[in-house]
Amino acid sequence: MTSRIAAVDALEILDSRGNPTVRVFVELENGTCAAASVPSGASTGENEAIELRDNNSTRYNGKGVRTAVDNVTKIIAPEIVGYPAENQAAIDRLMIELDGSENKANLGANAILGVSMAVARAAADSLGMPLYRYLGGCGACRLPVPMMNILNGGAHADNSVDFQEFMAVPIGFDSFSEGLRAVAETFHALKKLLNSRGLATGVGDEGGFAPNLGSNEEAMEVILEAIKKAGYQPGTDIAMALDSAASSFSPDLKSSYDLKWSGGGTLTSDAMVELVKKWATDYPIVSWEDPLAEGDWDGFNKITAQIGDRAQIVGDDIFVTNTRYIERGIAWKTANSVLIKLNQIGTVTETIEAIRRCRDAGWSYVISHRSGETEDTFIADFSVAMDGGQIKTGSASRSDRVAKYNRLLEIEHELGQEARYYWRKP
Ligand SMILES: O=C(O)[C@@H](CO)OP(=O)(O)O
Ligand SMILES: [Mg+2]
């Protein structure tokens, strides 16, 4: 009995926002069966691989999740049955060719990624290896520093906060579990603080609280207070990371910024750069994702030149985990870090390639969830396998996010003394 693929199946399931998404099953001739589920974003970059998602017009017209499911079972499955599951790169390439488009618009990035992840998991299971070991080899022993999202705004919440994500980063701890505990305690401290001020403690899509605050500064102030209340030193034990998701408040995606709640109205790119610089000086911010919009390459270059030596400038919407844009960014010194999302590019192999480019350039990379998630914990193993050093996977209040943290705790436990954990400055 070999590890050749015997069957591939798929079905429509729900994601954490209650929207349909894809789950794929891959069965091998040796009896191994593995599944993978595909997440989905809300604040998506324009150049992301195209997923076949449902909205009122696509559900029944051949462009929704049901079509993605059919594409797996009717188009992809017959082609990959018989391939050894370890031939990840060949299987991924075959699916890219089958799709035939630039951006996976024909079969759907969600169809292709579901198969790609399920194939990796089946291969690992069939070899009796944990996924992180199969994908990362015997050197895979570094647990990522979690960026725990504790306050939500922007497109992920209906409150009066412009920036999308405010995260707590445990930089001063010796182990993943201790770091995770500290940011979870900060999350609880923040809840108490918000409560005591009569502010709402309902959560946004990624589980961070979504109170109505007057400005981004107010959000950062209350987080600093929460870190202290939890008994930690801001900037030494726990630092802050932000994802402005600036494309979501830049109408032209490149030169104007409409901060509704802070900063006093519409800003030029230069004014936005100045504001980011000021906040990065006033607050212990170690990582800033999408401080400018995806078309504002000049603004990105400027902010990287000005604060890139002390803060990680992470490109999400601007790079979309695509080597074409990452290479341009490296050549132009646009950032110093890339947010890595498997479903932005659509296969495991291409995601690994994107990470390889980052490493070659001395850039960091942050493995990330999407705002619409499932209970699938693939990215937890993937972050250890890729030795990425950082993971962004929401708060401690939603089980779709907690599943990833718990999987990382399991991996740490399994690695025992071999486990490594440290924050690497940019
Ligand atoms: O902008 C982001 O980084 C992500 C994940 O936090 O959000 P979304 O999945 O909505 O694109
Ligand atoms: Mg982002």
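Residues numbered from 1 in each chain as written. Chains lettered and ligands numbered in written order. Predicted model: local features only at pLDDT ≥ 70, side-chain atom pairs only at ≥ 80, totals over all residues. Heavy atoms only, no water.

Asks: Now, about the side chain of S368: what can you tell me, with residues and values included?
Replies: Within the secondary structure, S368 sits in strand β12 (residues 364–368). Once you skip the residues sitting within four places of it in the chain, S368 turns out to touch L339, I340, K341, I379 and K392. (Helix = DSSP H or I, 4+ residues; strand = E, 2+ residues; numbered from the N terminus. Contact = heavy atoms within 4.5 Å.)

Asks: An account of helix α7 (residues 269–282) is needed here, citing residue identities and associated values.
Replies: The end-to-end C-alpha distance of α7 is 20 Å, a good match for the 20 Å that 14 residues give at a rise of 1.5 Å each. Of the positions making up α7, those classed as buried are S269, M272, V273, L275, V276, W279 and A280. The arc enclosing the buried residues of α7, seen along the axis, measures out at 165°, which places them on a common side. Residues of α7 that are buried in the fold lie against α6 (216–229), β7 (256–259), β8 (265–268), β9 (285–289) and α8 (297–307). (Expected span 1.5 Å × (residues − 1). Buried < 20%, exposed > 50% of the residue type's maximum accessible area, 1.4 Å probe, protein only. Arc of directions from axis to C-beta.)

Asks: Any chance you could break down the coordination of the magnesium ion (ligand 2) for me, citing the residues and the numbers?
Replies: Within the protein, the magnesium ion (ligand 2) binds to D243 (OD), E289 (OE) and D316 (OD); these donor distances fall in the range 2.0 to 2.2 Å. Each donor residue of the magnesium ion (ligand 2) belongs to the same chain, with the gaps between them written as D-x45-E-x26-D. Of the two residues, D243 sits in strand β6 (residues 238–243) while D316 sits in the loop between β10 (312–315) and α9 (323–332), which places them 73 residues apart along the sequence. Residue D243 is classed as buried on the basis of its relative accessible area, which comes to 1%. Classification of D316 as buried rests on a relative accessible area of 2%. (Donors = N, O, S within 2.8 Å, 3.2 Å for Na, K, Ca; no water.)

Asks: Describe the packing of aromatic side chains, listing the residues and the values that go with them.
Replies: One pass over the full model with this rule turns up 12 aromatic pairs. Each ring, one from F163 and one from W279, has its centre 5.6 Å from the other, and the planes form 75°; the classification is edge-to-face. Remark: W279 occurs in helix α7 and F163 occurs in the loop between β4 (145–152) and β5 (165–170); sequence separation between them is 116 residues. Accessibility assignment for this pair places F163 and W279 in one class, buried. (Phe/Tyr/Trp six-rings, centres within 6.5 Å; stacked < 30°, edge-to-face > 60°.)

Asks: With reference to specific residues and values, describe the site of ligand 1.
Replies: Neighbouring ligand 1 are 16 residues; A42, E165, E206, S371 and K392 lie closest to it. The contact in question runs from an oxygen atom of ligand 1 to an N or O atom on the side chain of E206, over 2.6 Å. Between ligand 1 and E289, the relevant distance is 2.9 Å, taken from an oxygen atom to a side-chain nitrogen or oxygen of the residue. Against a free-state accessible area of 310 Å², the protein chains account for coverage of 100% of ligand 1. A class-by-class count of the residues in the shell around ligand 1 yields two nonpolar, six polar and eight charged. (Near = heavy atom within 4 Å. Polar contact = N/O pair within 3.5 Å; in protein donor to acceptor, adjacent residues only side chain to side chain. Areas by Shrake-Rupley, 256 points an atom, 1.4 Å probe, with all protein chains shown as cover. Nonpolar A, V, L, I, M, F, W, Y, C, P; charged D, E, K, R; others polar.)

Asks: Just give me the short version of the sheet that holds strand β2 (residues 20–28), but keep the residues and values in it.
Replies: Strands sit in the order β1-β2-β3 across an open sheet of three strands; the sheet is antiparallel. Edge strands, defined here as strands with exactly one partner in the open sheet, are β1 (5–14) and β3 (33–37). Across this sheet, the average inter-strand angle for adjacent strands is 20°, counted without regard to direction. Bridging between β1 and β2 involves nine bridges; their strand directions are antiparallel. Each bridged residue has a counterpart across the sheet, and for A7 the counterpart in β2 is E27. Running at roughly 175° to β1, helix α1 (residues 65–80) makes contact with β1 and β2 of the sheet. Across the sheet, helix α3 (residues 109–126) touches β1, β2 and β3, and the angle it forms with β3 is around 145°. (Pairing = 2+ DSSP bridges. Axes fitted to C-alpha atoms, helices over the stretch in contact; angles between N-to-C directions.)

Asks: Would you mind going over the sheet that holds β12 in detail, with residue names and values included?
Replies: Pairing within the closed barrel is mixed, and its eight strands lie in the order β4-β5-β6-β9-β10-β11-β12-β13. If you compare each strand with its neighbour and ignore which way they point, the axes differ by 30° on average. In the sheet, β12 pairs with strand β13 (residues 390–392) via two bridges, with the strands oriented parallel. Paired with I367 across the bridge in β13 is I391.

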